[in-house]
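# Tertiary structure, described
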Amino acid sequence: MKLSTKTRYGLRALANLLGQDCCCSVKKISEAEHISSDYLEKIFSKLKKAGILKVDRGACGGYSINGDPKKITLGQIVNALEKAEFICPDFCSCQSKSAWQKIQSGFNYVLNSITLKDLSSKNKKIYLDYAATTPVDPQVLNYMLPYFGQDYGNTASMHQVGSASAQALEESRQIFADILKVSPKEIFFTGSATESNNTVLKGVALANKSKGNHIIISSIEHDCVLESANWLKTQGFEVSQISVDKYGLINLDELRKTIRKDTILVSIIHGNNEIGTIQDLQKIGQICKEKNVYFHTDASQSFTKVAIDLSKLNIDFLTASSHKIYGPKGAALLYIRSGSKITPLLHGGGHESGLRSSTINLPAIVGFAKAAQIAIKNFEQENKKLCELRDYLIKNIPKIVSDCHLNGHPTNRLSNNVNFSFDHVEGESLLLELDFYGIEVSTGSACSSNTLEASHVLLATGLRPEQAHGSLRFSLGRFTTKSDVDYLLKVLPQVVNKFRQISPFK
Amino acid sequence: MYTKKVLEHFRNPHNFGSIKNPDSLGQVGNLACGDVMKLYLKIDQNNQGQDFIKDIKFETLGCAAAIATSSVVTDLVKGKTLKEALEIKNENVIKALDDLPTIKIHCSLLAVDALTEAIYDYYKKTGQEISQEFEQKHNRIISCQTRLKH
């Protein structure tokens, strides 16, 4: 289907109108976009009738957008200007009628998921917070769509639509088994990395009480591991934390000495979410094997950024997450080496071999698998680009901003992680000011947390609290470009200097 | 999360900087907590012979709420007599900013404390009588500081 001239011109004019600071006359836009003013007037009056535009009178008279551009969809605009239909006429009873109806609903879905704001080039955002979450890759979204509609079956149902879903689920499982080089029977889907990590800590602790009640984690775990361990303490378990050096690498000797006869689990994060430091899974796995304790790693940040071959590593449990790799939120995996003793958190219909009862969230899981496939396919190319941009920032930030320090390991770090502390300024104010410039980052400052405590990860690397408060994390991703990071380098010095001028410490 | 007013003061803070040879100084907060506020006052006498704040400047290390509360406090008290300035409560600061997130209320307390300390400093320097209530207020602020330092 081709868009009509009316719709094409309408969209162009709306994009132009979005870029204007106030309302605008038809004449001005018709001149800028080379559309005859009579024709444009007709288009605008249709858009006005549909409630998309409004007319302002007075000196600055003309048309303006009626409402929040984020809430006006492309579907509304197209429908106001033409009848975009794929449906056969009512009298038609051809075999393909239902297929056309599906095309129509898919088409509507896509049109309604794009808003007027997406047309605007103004207020472009530079998202440098990919470690927080990633946008769903358009290829992934397309792949997921049928699983909301035509392939809606419950994987536990025996009829055909159910079996088709079960098959899609097992194909997804196989994709992860191939990537991690394990058996598909060892891959379990969950709803989030937090759930996977909770399942391992609580499930292993509860299932192995006969062996002991001692658990080891590192001092730089994600909150979901740390808080699970803290909860286990209240249930009578003992938890030890392994310290890290100034780069965030765990002390392997300390780990070896801390493992006791009654230790049941060692849980160490692979790539740290804040400072990006990557731990040596091979060495940690070796120690755990020698001492005969379970080893779990939270690979939420590192999965598809660092090659993980579980056939060569001694790892009993591994967590990975969908929304960190351009998949949808609401899906994650837990690898459980066969034979490992673990108790489920959720009991019910016995899904996922009884490990995690809950109706399977198939759209999210197939999206997760597709996202992983894309990431692995582009593994080298994508990580090479990210490392180049990362190292470009690490090299240049200290050149243009005085008194700043890189957090994390200088080389042994996630391909997309850059974390700096800036002396005499506070992270939340830097974050908000950068946001005004359209740059989205995150901070380890207490002021942006709910607890008003500085990041335990930064403190564990030996930073003083005030240095942790002045930290910013820039995490890069698939859609980050060289010009994005150049823009950051241009804006960052003035932002830091602004708050240093206000600060009592110079 | 923040009101428009907070963001306005945060982006374009009023009266920031320092005063050379200030008549008094108030500093509160703690680096470990991430908030430090410093208020500089220039005091003069009005027609009735009362001390009033002729000029006020602040320097703050802290989050957006800390900067905005510092800025708005300087607006609230500039030109006011010291007596009037001592009447300012953190509720006034919050109201002037159209509200603060609950977790940031302590920033408004910090701003009022800095003001109290600056006026206390002036009373001490000029040998003025300090009421028991004022002395207690000062002691509470000081004890807070020491506690924070541990």
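Model, not experiment: these values are computed from the prediction. (Residues numbered from 1 in each chain as written. Chains lettered and ligands numbered in written order. Predicted model: local features only at pLDDT ≥ 70, side-chain atom pairs only at ≥ 80, totals over all residues. Heavy atoms only, no water.)

### Observations concerning the overall build of chain B
Counting its secondary structure elements, chain B contains 6 helices and 3 strands. Mapped from its N terminus to its C terminus, chain B presents α and β elements in the order α-β-β-β-α-α-α-α-α. Here the C-alpha coordinates of chain B stretch approximately 45 × 35 × 25 Å along the principal axes. In chain B, the proportion of contacts linking residues at least 24 apart, taken out of those at least 6 apart, comes to 60%. Here chain B has roughly 7,400 Å² of accessible surface; of this, 49% comes from carbon and sulfur atoms. Across chain B, the 20 positively charged side chains and the 19 negatively charged ones have centroids separated by 4 Å. (Helix = DSSP H or I, 4+ residues; strand = E, 2+ residues; numbered from the N terminus. Contact = heavy atoms within 4.5 Å. Areas by Shrake-Rupley, 256 points an atom, 1.4 Å probe, with all protein chains shown as cover. Lys, Arg positive; Asp, Glu negative; His and termini not counted. Charge placed at Lys NZ, Arg CZ, Asp CG, Glu CD.)

### Describing the sheet that holds strand β9 (residues 317-321) of chain A
All names here are of chain A. Pairing is mixed across the open sheet formed by 7 strands, whose spatial order is β4-β10-β9-β8-β7-β5-β6. Each end of this open sheet is capped by a strand with a single partner; those strands are β4 (187-190) and β6 (238-242). Taken over all neighbouring pairs, the strand axes of this sheet differ in orientation by 20 degrees on average, direction set aside. In this sheet, strand β7 (residues 263-269) lies alongside strand β5 (residues 214-218) in parallel orientation, the contact comprising 4 bridges. The residue bridging I217 from the neighbouring strand is S267, located in β7. Helix α10 (residues 223-234) contacts β5, β6 and β7 of the sheet and is inclined by roughly 155 degrees relative to β5. (Pairing = 2+ DSSP bridges. Axes fitted to C-alpha atoms, helices over the stretch in contact; angles between N-to-C directions.)

### Here's the deal with α10(A)
Each full turn of the α-helix corresponds to 3.6 residues, which orients residues three or four apart in the same direction. All names here are of chain A. In a regular helix each residue adds 1.5 Å, so 12 residues correspond to 16 Å; α10 covers 16 Å between its end C-alpha atoms and thus fits that length. When we look at burial in α10, the residues that qualify are C224, V225, L226, S228, A229 and L232. Those residues of α10 hidden inside the fold are in contact with α9 (193-207), β5, β6, β7 and α16 (456-460). Following α10 by one or two positions, G236 adopts a phi angle in the positive range, close to 95 degrees. (Expected span 1.5 Å × (residues − 1). Buried < 20%, exposed > 50% of the residue type's maximum accessible area, 1.4 Å probe, protein only.)

### Some details on the side chain of E59(B)
Residue position: E59(B) is located in strand β3 (residues 51-61). In this structure the side chain of E59(B) is engaged in a polar contact, spanning 2.7 Å, whose partner is the side chain of Y40(B). What E59(B) contacts, discounting residues up to four positions off in sequence, is I502(A), S503(A), P504(A), K506(A), G17(B), S18(B), V36(B), M37(B), K38(B) and Y40(B). (Polar contact = N/O pair within 3.5 Å; in protein donor to acceptor, adjacent residues only side chain to side chain.)

### A closer look at helix α5 (residues 97-113) of chain A
Residue and element names in this part refer to chain A. Given a rise of 1.5 Å per residue, 17 residues ought to cover 24 Å, and the 25 Å separating the end C-alpha atoms of α5 matches this to within 8%. For α5, the complete set of buried residues consists of K97, Q104 and L111. Viewed end-on, α5 has its buried residues packed into an arc of 45 degrees, placing them on one side of the element. Summarising the contacts, the buried residues of α5 are in contact with α4 (74-81). (Arc of directions from axis to C-beta.)

### Structural notes on the interface of chain B and chain A
Contact residues are listed per partner, giving 26 residues for chain B and 25 residues for chain A. Carbon and sulfur atoms supply 68% of the area buried between chain B and chain A, which totals about 2,000 Å² over both sides. Run the count over chain B and chain A and you get 2 salt bridges. In this structure, the salt-bridge partner of E428(A) is K104(B), at a minimum N-O distance of 2.8 Å. Counting across the chain B and chain A interface gives 8 residue pairs in polar contact (both at pLDDT 80 or more). (Buried area = accessible area lost by both parts, 1.4 Å probe. Salt bridge = Lys/Arg side-chain N within 4 Å of Asp/Glu carboxyl O.)

### Some remarks on the environment of P410(A)
Mapped onto the fold, P410(A) is located in the loop between β11 (404-406) and β12 (417-422). Distance from P410(A) to G276(A), taken between C-alpha atoms, is 9.7 Å for residues 134 residues apart in sequence.

### Things to note about the pairing of strand β2 (residues 35-45) of chain B
Residue and element names in this part refer to chain B. The buried fraction of β2 amounts to 8 of the 11 residues, a majority that puts the element mostly inside the structure. Taken together, the 7 bridges between strand β1 (residues 24-30) and β2 define a ladder with antiparallel strand orientation. Bridge pairing in β2 places N30 opposite D35. Here β1 folds back onto β2, and the loop between the two strands holds 4 residues, one of which, G34, carries a positive phi near 90 degrees. Relative to β3, β2 runs antiparallel, the two sharing 10 bridges. Following the sheet pairing, I43 is matched in β3 by I53. Between β2 and β3, which pair antiparallel and follow one another directly, the connecting turn spans 5 residues, one of which, G49, has a positive phi of 75 degrees.

### Some points on the packing of helix α15 (residues 427-436) of chain A against helix α18 (residues 482-502) of chain A
Residues and elements named next belong to chain A. Packing of α15 against α18 leaves a shortest axis separation of 10 Å and a crossing angle of 135 degrees. If you check the angle between α15 and α18, you find them oblique. α18 is crossed by α15, and the crossing has right-handed handedness. Contacts between α15 and α18 involve S429, L430, E433 and L434 on the former and, on the latter, L488, V491, L492, V495, V496, K498 and F499. Within the contact of α15 with α18, the residues separate by chemical class into 8 nonpolar, 1 polar and 2 charged. (Parallel < 35°, antiparallel > 145°, perpendicular 65-115°, else oblique. Left-handed = near helix turned anticlockwise from the far one by under 90°. Nonpolar A, V, L, I, M, F, W, Y, C, P; charged D, E, K, R; others polar.)

### Concerning the side chain of N208(A)
By the secondary structure assignment, N208(A) is in the loop between α9 and β5. If near-sequence neighbours (up to four positions away) are discounted, N208(A) is found in contact with I264(A), Y294(A) and K341(A).

### So, the packing of α15(A) against helix α1 (residues 4-11) of chain B
Look at α15(A) against α1(B): their axes get within 11 Å of each other, and the N-to-C directions meet at 95 degrees. Between α15(A) and α1(B), the angle falls in the class roughly perpendicular. Contact residues: S429(A), L432(A), E433(A) and F436(A) in α15(A); L7(B), F10(B) and R11(B) in α1(B). Classifying every residue of the contact of α15(A) with α1(B) gives 4 nonpolar, 1 polar and 2 charged.

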